[in-house]
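What follows is the residue order along each chain.
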Amino acid sequence: MPLIPAGGIATPEQVHELFALGASAVQIGTPFAVTEESDAHANFKRVLAEAKPEDIVTFMSVAGLPARAVKTPWLEKYLIKLPVLQKRANARTDCTLAFDCLEQCGLRDGIERFGQFCIDHHLAAALAGDIERGLFFRGAAPLPFGKQIRPVKDLIAYLLHGTVPVDLQQAGNFLDHTPAL
Ligand SMILES: Cc1cc2nc3c(=O)[nH]c(=O)nc-3n(C[C@H](O)[C@H](O)[C@H](O)COP(=O)(O)O)c2cc1C
């Protein structure tokens, strides 16, 4: 059975170690989302790349699973209001997005222990680059190139071969971005 580890993989040492342990592949999300070739909105990449560790929060998604995202102004306010929203959780019959949305939604179905926001609405805001209202999911690991948006080839060369782009070597601060294993 193929085994594909995921989550927080962002260094060549991690990739090497996982393959040595028998992984069939590794799945990497956030570092690719912030590459030049990623088709995400420029603001989307900026929010992910510029998030500091303290800006990244975990919370309960509307699907009832833990989620991790960047604390945008909307998410920060939502998390403050959450206990009240959960107390008021009540099944809604007026959701116009239900036909192609989550099978089970904390907000629509009034499930108190799940999240209480409209994921369709806030993901659409993120897609449009709306930093105020968007929901920007992000892994917790520091990114290989810090805040820089770079081509996929640089990321692959780094993750597979440990090759650091020449300009970053010259800047002399590359290791500042690299998480300790
Ligand atoms: C573009 C993007 C979309 C994501 N969408 C979701 C999502 O819909 N629900 C969720 O719980 N997590 C979502 N995540 C977070 C991932 O499940 C995961 O926590 C994270 O990306 C960890 O892997 P990474 O360190 O390789 O990015 C998303 C992450 C990215 C980068």
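Model, not experiment: these values are computed from the prediction.

Student: Whenever I open this one, the overall build of the chain confuses me. Can you help?
Tutor: Scanning the chain for helices and strands turns up 8 helices and 2 strands. Mapped from its N terminus to its C terminus, the chain presents α and β elements in the order α-α-α-β-β-α-α-α-α-α. Over its C-alpha atoms, taken along the principal directions, the chain stretches across nearly 55 × 40 × 25 Å. The proportion of buried residues among the 181 residues of the chain is 23%. Here the contacts in the chain between residues at least 6 apart in sequence split such that 57% fall between residues at least 24 apart.

Student: I'm lost on the environment of Ala-67 in this one. Help?
Tutor: Tracing the chain through its elements places Ala-67 in strand S2 (residues 66–70). In this structure the C-alpha to C-alpha distance between Ala-67 and Gly-139, which are 72 residues apart in sequence, comes to 9.4 Å. Those residues within four positions of Ala-67 in sequence are excluded, and the remaining contacts are Thr-58, Phe-59, Ser-61 and Phe-137.

Student: Honestly, the nonpolar core in this entry has me stumped. Any pointers?
Tutor: Taken as a class, soluble globular proteins show a tendency for nonpolar side chains to be buried jointly. If you look at the biggest cluster of nonpolar residues, it comprises 27 residues, and the most contacted ones within it are Val-47, Leu-48, Val-62, Val-70, Leu-135 and Phe-136. Discounting residues that sit within four places of it in the chain, Leu-48 has contacts with Thr-30, Ala-33, Val-34, Val-70, Phe-136 and Arg-138.

Thresholds applied
- Residues numbered from 1 in each chain as written.
- Predicted model: local features only at pLDDT ≥ 70, side-chain atom pairs only at ≥ 80, totals over all residues.
- Helix = DSSP H or I, 4+ residues; strand = E, 2+ residues; numbered from the N terminus.
- Buried ≥ 20, exposed ≤ 12 C-beta atoms within 10 Å, placed from the backbone.
- Contact = placed C-beta atoms within 7 Å.
- Core = buried A, V, L, I, M, F, W, Y, C linked by C-beta atoms within 7 Å.

Everything listed here is a matter of geometry and, on its own, says nothing about what the molecule does.
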